[in-house]
Amino acid sequence: MAVKVRIPAPLQSLTGGAAEVEAQGRTVREVIEDLERKYHGIKARLCDDAGELRRFVNIYVNDQDIRFQQGLDTELKDNDEVSIIPAIAGGN
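A quick note: this is a predicted structure, and the numbers were derived from the prediction, not measured. (Residues numbered from 1 in each chain as written. Predicted model: local features only at pLDDT ≥ 70, side-chain atom pairs only at ≥ 80, totals over all residues. Heavy atoms only, no water.)

Draft legend 1. Fine view of the nonpolar core. Of all hydrophobic cores here, the largest spans 23 residues; its most connected members are Val-5, Val-28, Leu-35, Leu-46, Ile-59 and Ile-84. Elements that contribute at least two residues to this core include exactly strand 1 (2-6), strand 2 (20-24), helix 1 (28-38), helix 2 (42-46), strand 3 (57-61) and strand 5 (81-86). Of the residues forming this core, the biggest block, 4 residues, is contributed by helix 1. Aside from chain neighbours lying at most four places away, what touches Val-28 is Ile-59, Val-61, Ile-66, Gly-71, Leu-72, Thr-74 and Leu-76. (Core = buried A, V, L, I, M, F, W, Y, C linked by side-chain atoms within 4.5 Å. Buried < 20%, exposed > 50% of the residue type's maximum accessible area, 1.4 Å probe, protein only. Helix = DSSP H or I, 4+ residues; strand = E, 2+ residues; numbered from the N terminus. Contact = heavy atoms within 4.5 Å.)

Draft legend 2. Focus on the pairing of strand 1. Because side chains alternate across strand 1, one face comprises the buried residues Val-3 and Val-5, and the other comprises Ala-2, Lys-4 and Arg-6, none of which is buried. In this structure, strand 1 lies alongside strand 2, joined through 5 bridges in antiparallel fashion. Bridge pairing links Ala-2 to Gln-24 in strand 2. Across 3 bridges, the pairing between strand 1 and strand 5 is parallel. When the sheet's bridge partners are listed, Lys-4 is paired in strand 5 with Glu-81. (Pairing = 2+ DSSP bridges.)

Draft legend 3. Broad picture of the sheet that holds strand 3. Taken in spatial order, the 5 strands make up an open sheet running 2-1-5-3-4, and their pairing is mixed. With one partner strand each, in any of the chains shown, strand 2 and strand 4 (64-65) form the two edges of the open sheet. Helix 1 rests against strand 1, strand 2, strand 3 and strand 5 of the sheet, and its axis sits at about 115 degrees to strand 2. (Axes fitted to C-alpha atoms, helices over the stretch in contact; angles between N-to-C directions.)

In structure tokens, the structure reads:
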């Protein structure tokens, strides 16, 4: 299954500067594995040593947060859009 993946600026150095790439997978987890094959090092930036999504990384499928779906096991369809969004912290 081919999906579009939107890459945030801090990770674009791993994708050769591309802000959007295509990846294959039936689930978000499989898409991350495909991204790792194509862009070595990206999985470590997204997932912890146990293979789970890092706390400061948010992933959306068609504008829906995967944390409120099936997490990394959220199923995908052809032409879905996956957005990787780093959490922003700040305040006074």
